[in-house]
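# Structural features, examined
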Amino acid sequence: MPAPSGPDLPTFEWLGDAALNVRTLLARELYASLRAHPLPGVQEAVPALDLLTLLLDAPTAGEAVQETVAARLATLTPAPGGSGRTLVVPVTFDGPDLDWCAAHAGLDRAAFVAALCAAQLEVAFLGFTPGFAFLTGLPEPLRMPRLDAPRERVPAGSVALGGPWAGVYPRETPGGWRLVGRTPMNFFDLSRAAPVPWRPGDRVRFEARA
Amino acid sequence: MSPSRGGAVGATVLRPGVQSSVQDAGRRVRALGVPAGGAADPVARRLANALVGNAPDAAGLEVTLGGPTVLFHEAALISLCGAPFDATLDGAPLPLWRAVQVQTGQTLTVGGTARGLRAFLAVRGGLHGHEVFGSRATDLRAGFGGVQGRALRPGDHLTWSPLPAQAARRAFIAPDLRTPTGPHHELRVLGTGDLTADLRESLLARPFTVSPQADRMGARLTESVAAPRDPARPSVPNVPGLLQLPPDGRPILLLPDAGTHGGYPTPLVVITADLPRLGQLRPGDTLTLREVTREDAHAAHLTQERALRQAEWMLRQAVVSGK
């Protein structure tokens, strides 16, 4: 799709023969719009940061989908403040990397925990493992380099920092982020009506518990 | 479950095989971080279901490398499609790619296969299983769907939905519809934005070997190539058939249970028409990757889909008009 370039204009890029990457600052708004009003030819939409990957019903659906997505995007405006929901996640800050992270941030343990709890986080997108959310909004000093070699097992409920992200491991998996604490909240529970409690756009706040 | 002739219903798993799990067409909730799942050889799934008059996405049993032994407590119409497994019904050879009538009390034994890796066992009516996000597919890693979210164990009970019984009819499936089972594979691929000239040369010009690390999440290849390193790379959504290149340079072809997002470079994607072949990649098999154009990929998909749909339609007619 030959389109003039500009900061807010979408770009389309094929990913194989049956998926399209749509790069746009309105990725989250487009995802919400496609959930509310699905487009013919689009089987599934998967969000990431400023990116929405569209899995197509058939490889040949691509050209028509690009046109309808561009038209849909033209009707959307940025939705400030995300979803309007806020999730408070209780955290016991006793992770094996807590002191390392505090030192890396140049803070003592209490100040580090206070800074992390003061951070206004937001669910950017879900992925990696069922219920895992990539939380954006970490202030620069709290951004931690990932481990050189991932741990083979990260316990379920671990609260972790990796690159620009914060996250909570919903169940035991391998993981390369720095572990600062743990929460009793379950982010993937099939016995609930909504097995995954958070959605892109939700605000998230960590709250220290004893 | 259906009441049946005063006896037990369904079937009992006597031996589970290497890894047998309930699968169907999978789920579409990647946006919640949930992998797609579903039968790794969708052609085998569709044709096996069509042979017994099921919808294409009905749940059945995916068998891997060595199959299960199952005792039937009620009559059933079954079909086994996929790699050329040895299978018997009460000791008599069971033909693959056919609808076969099983009588109450008979035992199905699915043995091993010399080529390929997987087959799909369909039962008329479709297997029951724990339905999660619209699919009964077993997610072995996360532990949900199918039979308690795991591969079969001895003593597990399989049940299926009652459908009016139909007699098996002779129906022929053209061999060229079947997913090829190696030992050498040629996979057609398309490049992504990550495909550099160097990667094109190192990935496309040589044979690779499928390593023993080949499961429902992905098939790792043995030989390594020089991999670009970009620790700051953001995680982006995965699609079926993506070739991931982790820092050690040993490529991974993604299968249905792969995680929904990944942070490694992904220079190639297997075309849709060749995705079923990934489900038959067996450790030790060799493969080459051949780059094609998107037009080639579309044409291959249309040709395959037309032939499959025609076969499915004819097989269903054969069952519906049976007796």
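So, how was this worked out
- Residues numbered from 1 in each chain as written.
- Chains lettered and ligands numbered in written order.
- Predicted model: local features only at pLDDT ≥ 70, side-chain atom pairs only at ≥ 80, totals over all residues.
- Heavy atoms only, no water.
- pLDDT = per-residue confidence, 0-100.
- Contact = heavy atoms within 4.5 Å.
- Buried area = accessible area lost by both parts, 1.4 Å probe.
- Salt bridge = Lys/Arg side-chain N within 4 Å of Asp/Glu carboxyl O.
- Polar contact = N/O pair within 3.5 Å; in protein donor to acceptor, adjacent residues only side chain to side chain.
- Pairing = 2+ DSSP bridges.
- Helix = DSSP H or I, 4+ residues; strand = E, 2+ residues; numbered from the N terminus.
- Disulfide = S-S within 2.5 Å.

### A few points about the confidence of the model for chain B
All names here are of chain B. Taken over all residues, the pLDDT of chain B has a mean of 93, while the share at 70 or more is 96%. Scored below 50 in pLDDT, residues 1–6 shows 12 contacts in the model against residues more than four places distant or in partner chains. Interface scoring of the predicted complex returns ipTM 0.93; its pTM is 0.92.

### Observations concerning the interface of chain B and chain A
Contacts between the two partners involve 34 residues from chain B and, on the opposite side, 36 residues from chain A. Surface buried jointly by chain B and chain A totals about 2900 Å² across both partners, of which 65% is contributed by carbon and sulfur atoms. On the surface where chain B and chain A come into contact, there are one salt bridge. One salt bridge in this structure joins A:Glu44 and B:Arg30, with 2.7 Å as the shortest N-O distance. Counting the contacts that link chain B with chain A gives nine residue pairs in polar contact (both at pLDDT 80 or more).

### Considerations on the sheet that holds strand E7 (residues 92–93) of chain B
Spatial ordering of the open sheet is given by E7-E6-E9-E4-E1-E11 (chain B), a layout of six strands whose pairing is antiparallel. Two strands close off the open sheet at either side, each with one partner strand: E7 and strand E11 (157–158) of chain B.

### Regarding the state of the cysteines
Counting across every chain of the model gives zero disulfides over all chains. Of the cysteine sulfurs around A:Cys117, a residue in no disulfide, the closest is that of A:Cys101, at 14 Å.

### Points about the confidence of the model for chain A
Per-residue confidence for chain A averages 91 on the pLDDT scale, and 96% of its residues sit at or above 70. Ignoring residues within four places in sequence, the model shows residues 1–7 of chain A, a span with pLDDT below 50, making five contacts including any to other chains.

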